[in-house]
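Remarks on the overall topology
Chain residues, written in single-letter form:
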Amino acid sequence: MASWYEVTCEVPAADSEAVAELLAELSGCGVCMENRQVDTFAVESIAPLATAVITGYFTHPSPIEQHVARIVSFLGGLGGPAPPAAPQVRLVAEEDWADSWKSHFRPMTVGRRLLVTPSWETAADAGGRQVIIIDPGMAFGTGGHETTRLCLRCLEQVLGDGAHASRILDLGTGSGILAIAAAKLGAGQVDAVDIDEQAVRIAAENCSLNQVAEQVRCSATPLKELGEGYDVILANILAEELVRLAPEIVRRLAVGGSVILSGILAEREAFVRSGFDSFPLALEAAHADGEWSCLHYRRTA
Ligand code: SAH
């Protein structure tokens with residue numbers, strides 16, 4: 001089984017790009033920055049941290065002592081206020097590395113009626129909840145992120161209120177999690193779209209896993225090419241993108257229909273609200289979880 005040297009450096013945030021470049025150049029592999037994980041939305045939306053943790057992976061065997069010496073001398077030359085911390089080196093087996101993230105994804109209840117579970121867990125007792133099975137692959141949406149859970153809870157409320165939901169749009173479907181929830185909560189036809197072809201493929205696979213493939217159409221169809229008259233539109237994207245797409249989103253919503261927006265950092269909520277202000281919408285609810293917000297509007301005319 002292949003192994004890797006994992007080299008971790010904690011550096012002042014201002015030096016993180018330079019150190020990441022050095023690690024990438026020396027290792028010939030990708031690097032990881034702890035404040036820029038996969039499960040975050042936009043790089044610019046993350047509050048700057050005083051320090052950043054940069055991790056690089058070097059094949060084993062490789063002249064790791066020489067690489068570490070280069071890194072130590074580079075860090076020493078950055079001239080920060082404090083002496084740099086020594087890089088930490090660890091030998092990791094490939095299998096651990098590829099699978100380690102899975103330990104963070106465990107079955108979890110959401111709202112009153114949903115249970116999200118990874119595809120590799122044997123089904124626990126669902127206690128009468130609708131089970132959503134997810135194999136996320138490289139797509140966003142395990143239910144581990146606050147914004148996904150905010151959307152799921154809000155969707156559950158909207159559909160639980162007996163809303164007429166024969167047509168639902170999940171804009172930016174990622175793993176397909178919201179579309180699958182909609183189908184399982186009793187929606188009619190669901191259109192799940194994403195600009196990322198890989199996400200579309202993963203969403204389609206997850207729909208099959210959940211036996212809702214007939215009900216959910218997954219595609220990379222751009223928003224502008226979709227029809228109108230959706231009863232519910234879900235969009236867990238990003239504040240800027242939501243505001244940019246606002247006219248196209250509202251146009252596709254049926255009068256009386258609900259739009260559920262998330263991917264909004266609390267400090268960007270006012271910006272999103274002002275972007276949706278000029279449309280015939282009534283704000284039904286604003287939910288928050290941690291530093292994230294979710295807005296639910298109803299189209300009034
Ligand atoms: N709906 C999932 C995934 C949200 S991540 C959940 O709630 O967990 C946001 C997704 O939106 C990403 O997969 C991204 O590729 C997609 N996306 C971003 N901008 C988009 C756009 N303009 N149209 C469609 N999809 C978009």
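Conventions used here
Residues numbered from 1 in each chain as written. Predicted model: local features only at pLDDT ≥ 70, side-chain atom pairs only at ≥ 80, totals over all residues. Heavy atoms only, no water. Pairing = 2+ DSSP bridges. Helix = DSSP H or I, 4+ residues; strand = E, 2+ residues; numbered from the N terminus. Axes fitted to C-alpha atoms, helices over the stretch in contact; angles between N-to-C directions. Contact = heavy atoms within 4.5 Å.

**Some details on the sheet that holds strand 12 (residues 253-265)**
Strand order in the open sheet made by the 7 strands is 10-9-8-11-12-14-13, with mixed pairing throughout. The two strands at the open ends of the sheet, each matched to only one other strand, are strand 10 (216-219) and strand 13 (281-289). Along the sheet, successive strands turn relative to each other by an average axial angle of 15°, direction set aside. Note that strand 9 (residues 189-193) and strand 10 share 4 bridges and pair parallel. Within the sheet, the bridge partner assigned to aspartate 191 lies in strand 10 and is arginine 217. This element, helix 8 (residues 269-276), spans strand 12, strand 13 and strand 14 (292-299) of the sheet and lies at about 15° to strand 14.

**Section: the sheet that holds strand 4 (residues 88-93)**
Reading across the sheet, the 4 strands line up as 2-3-1-4 and stay open at both edges, with antiparallel pairing between neighbours. Edge strands, defined here as strands with exactly one partner in the open sheet, are strand 2 (31-33) and strand 4. Taking each pair of neighbouring strands and ignoring which way they run, the sheet shows an average axis angle of 25°. As judged from the 9 bridges shared by strand 1 (residues 3-12) and strand 3 (residues 51-59), these two strands associate in the antiparallel manner. Within strand 3, the position partnered with glutamate 10 by the bridge is valine 53.

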